[in-house]
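Coordinate inspection notes
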Amino acid sequence: MNKVWAVIRREFVERVRTRWFWISAILGPVLFAGIIVFQIKQSVGGGVRNIAVVDSTSHDYGQRVVEELAASKVIRATAVRSGPGVVDSLTKLVEAKQLNGFLIVSDSLLETGRAEFRASNLSFQTVEELQRALNRLLVKVRLEGRGVQPAVVDWAQSLRATLEQKKIARGRTTTESAGQTFVMAYIIAILLFMAILLYGVNVMSSVLEEKRDRIVEVLVSSLRPFQLMLGKVMGAGAVSFFQFLIWAVSARVLISLRAPIARALGASAADAQNIALPHVPFATLAVFMAFFVGGFLLYSAMFAAVGAMSSNEQEARQAQQPVTYLLMISYLSIIGLTNDPSSTFAKTLSVVPFTSPIATPVRWASGSMGMGELGVSLVMLAIAIVGVTWVAARIYRVGILMTGKRPTMKELVRWVRA
Amino acid sequence: MLDPVVLDRVTKRFASRTAVDALSLSVPPGTIYGLLGPNGAGKTTAIRMIMDIYEPDQGTVRLFGDVSGGREHSARIGYLPEERGLYPKMRVLDVLVFLAEIKGVPRKTARAKAIEWLDRLGLGLRRLSKVSDLSKGMQQKVQFISAVLHDPELVILDEPFSGLDPVNRQVLLETVIDYRQRGKTVLFSTHIMEHAEQLCDRLCIIAQGKKLVDGTLTEIKQRHAGNHVSIAFDGNHGGSRQIFADQRLVSRVQDSGQEVELELVDGADPQEVLRALVQSGARLARFELGSPSLHKIFIDLVGPEAAAADPVPPAGQKE
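Residues numbered from 1 in each chain as written. Chains lettered and ligands numbered in written order. Predicted model: local features only at pLDDT ≥ 70, side-chain atom pairs only at ≥ 80, totals over all residues.

**Thoughts on the interface of chain A and chain B**
The interface of chain A with chain B comprises 18 residues on the first partner and 22 residues on the second. In terms of residue class, the side of chain A that touches chain B is made up of eight nonpolar, three polar and seven charged. (Contact = placed C-beta atoms within 7 Å. Nonpolar A, V, L, I, M, F, W, Y, C, P; charged D, E, K, R; others polar.)

Pasting the structure below:
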């Protein structure tokens, strides 16, 4: 065991010493800080959009749209009478970035509810805001037409319903919203995919290095090949854990510093409070970790075997393709998974060991998975890890001492049987 | 005391050929044992089987009287493989500590020993350099240190002197002799007979996977003594060529320029050859009767074809 420990330590220390490790360790928090600064800037008013309302109605509805938008924090609107060449000159202003966009209202608004918005950037928030203003105006104008006082209409519209969203998951009701669930499941899937792929490939290149630089002969005269492979996989795994840890800690630190950052940017502390990490329940975190470790062990054993059966980078790149494709299946299913985590498709993916490391945490995070299913998924993954590691270790054992041409499928089968 | 290494009719086949064919040998404790043979004779394969890197197809390898394989005894064995390899991006000291750790040496001890050895072999100032920044010869010395750092009872060196300049070769040679004097056992392979002659107590010559001869150096020389003359010239060869061509006297000539080895016809008198040489005007530095050089025995045994394909190899050349 001390020998495996030595391999783990070497793998860890040498990898952490590389420039790349620190570049990616620093890049994570820098990106995160960027997001925080961007969001605060946005709330301070950097995001105000200037739009024109082109009015071709016979009742000055354009002016009334502007009035409806007067309270908006995001949109500053000005009414323009329609005329020949107006649309063209406004389009030029948009092109020149002096105007964000313009809304065209005509008499048909009242009959069909239709209006047109042209802009350089059709942001979700702006469109939403415009649509709400137009809706309010439509209701108001129509009710006025039936003799209702405008003040009454305003009063009637002043109260808006808010829907408090609660999720029932595994017998408990939480305050998580649908959007949060989706975003979290998506982030989990991407993180898992990236980490398994990146660190799995690391294991492969490390095996390949030992083979190419002829170090392996000395190593296997002291270590059993399985000890060597185990040490490598665990060492690379520890590096990725360390990387995650750096990211997690720096994210927490940045979040706790959001108030001073907001002040420095001239925003109020209240604006800063809106920025928060999604609340991740402990159980979800545990499932995430368990399946990250499981998926990593499963895939890095395969990557180790690929490294062992290749003699150079090109060969390894080719030989790793089947393994990468296997992982890609989960990646390509992420959208489907997050949209409907309780479909038969999603259920199948969370049982099959090669996709479950990504599919199961996603389904668990979205609350559509019970303890029973989780258990089945874990057991299947554990069985697969043992089986795949056994096969990979046998390929590894023979492969690391082989040089020359890449083995054929038939030879691989013989290695495993030997 | 048991012999540290015993091979009993060990055979290893690869797809198309038999690399080692029913090889038996035994290395007594406290000796320097040479495994000699031309390129491709099966020396490295035999050593890899001893080290438990290859499994023999037939026969048994016994280390310290035990058949469980080299890896089980890795703490008692030091190994310098023929294909040298160190982590190129690691620091010299770190590599040595790591390689000792996987042999079970505690980290601290490994560190102290590594520094001691690096100083001894003149690499003390390079301990924090990256391996890839060292010259080939330095890397080889580092690799040698990794084989002896844990003070093993048995050291197995596969072609330890190839690729070293004369100064470093001498340093390594002395280290090996010093090792034997401390009661340790050394098994090494080479195809350069001068090294074997200088070092070996016992040796075994193999070709095409088969053993041709083994025993102590003296035994082997006696066995192949014959009617043998070894001559060294001092510049002027005189009429030596005609004398060597005289088939009534000389049956075989091994001509290396300034040095010539002759095998005389049965019953021929070596004194007659000496007289003829002196009369022909040749100046002699040495005229020696009796034991042939290991080089000569080797070539006689292995055959001139294999010997011709066996010049002193360039650095790092493999079998």
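**A few points about the pairing of strand E3 (residues 32-36) of chain B**
Residues and elements named next belong to chain B. Most of E3 is tucked away: five of the five residues are buried. Judged by which residues are buried, E3 turns out to be covered on both faces: Ile32, Gly34 and Leu36 on one side and Tyr33 and Leu35 on the other are all buried. Relative to strand E7 (residues 185-190), E3 is paired through five bridges, and the arrangement is parallel. For Tyr33, the partnering residue across the bridge sits in E7 and is Leu187. As paired strands, E3 and strand E8 (residues 202-207) are joined by four bridges and run parallel to one another. Residue pairing in the sheet places Leu35 in a bridge with Cys204 of E8. (Buried ≥ 20, exposed ≤ 12 C-beta atoms within 10 Å, placed from the backbone. Helix = DSSP H or I, 4+ residues; strand = E, 2+ residues; numbered from the N terminus. Pairing = 2+ DSSP bridges.)

**Quick look at the environment of B:Ile177**
Within the element layout of this structure, B:Ile177 appears in helix H5 (residues 166-181). We classify B:Ile177 as partly exposed; it has 13 C-beta atoms within 10 Å.

**A word on the domain arrangement of chain B**
Under the domain assignment, chain B is made up of domain 1 (5-219) and domain 2 (226-290). On a C-alpha basis, the centres of domain 1 of chain B and domain 2 of chain B stand 39 Å from each other. (Domains from an automatic or database assignment.)

**As for the nonpolar core**
Formed by 136 residues in total, the largest nonpolar core has its most connected members in A:Ala304, A:Ala305, B:Leu96 and B:Ile156. The element that contributes the greatest number of residues to this core is helix H13 (residues 282-309) of chain A, accounting for 16 residues. Ignoring sequence-local partners within four residues, the contact set of B:Leu96 consists of B:Ala114, B:Val142, B:Ile145, B:Ser146 and B:Leu149. One finds A:Ala52, A:Val53, A:Leu90 and A:Leu103 within the second-largest nonpolar core, a separate group that totals 21 residues. (Core = buried A, V, L, I, M, F, W, Y, C linked by C-beta atoms within 7 Å.)

**Some words on the confidence of the model for chain B**
Residue-level pLDDT values for chain B average 85, and 94% of them are 70 or greater. Here residues 308-319 of chain B is a poorly scored stretch, pLDDT under 50, and it has 20 contacts once near neighbours within four places are set aside; other chains count. (pLDDT = per-residue confidence, 0-100.)

**Brief notes about the sheet that holds strand E2 (residues 18-27) of chain B**
Residue and element names in this part refer to chain B. Judged by pairing direction, the sheet is antiparallel, and its three strands sit side by side in the order E2-E1-E4 without closing on themselves. The open sheet has two edge strands, E2 and strand E4 (58-63), and neither has a second partner. Direction aside, neighbouring strands of the sheet carry axes that sit 15° apart on average. Bridge count between strand E1 (residues 5-13) and E4: five bridges; the pairing is antiparallel. Considered in E4, the bridge of Asp8 is made with Thr60. (Axes fitted to C-alpha atoms, helices over the stretch in contact; angles between N-to-C directions.)

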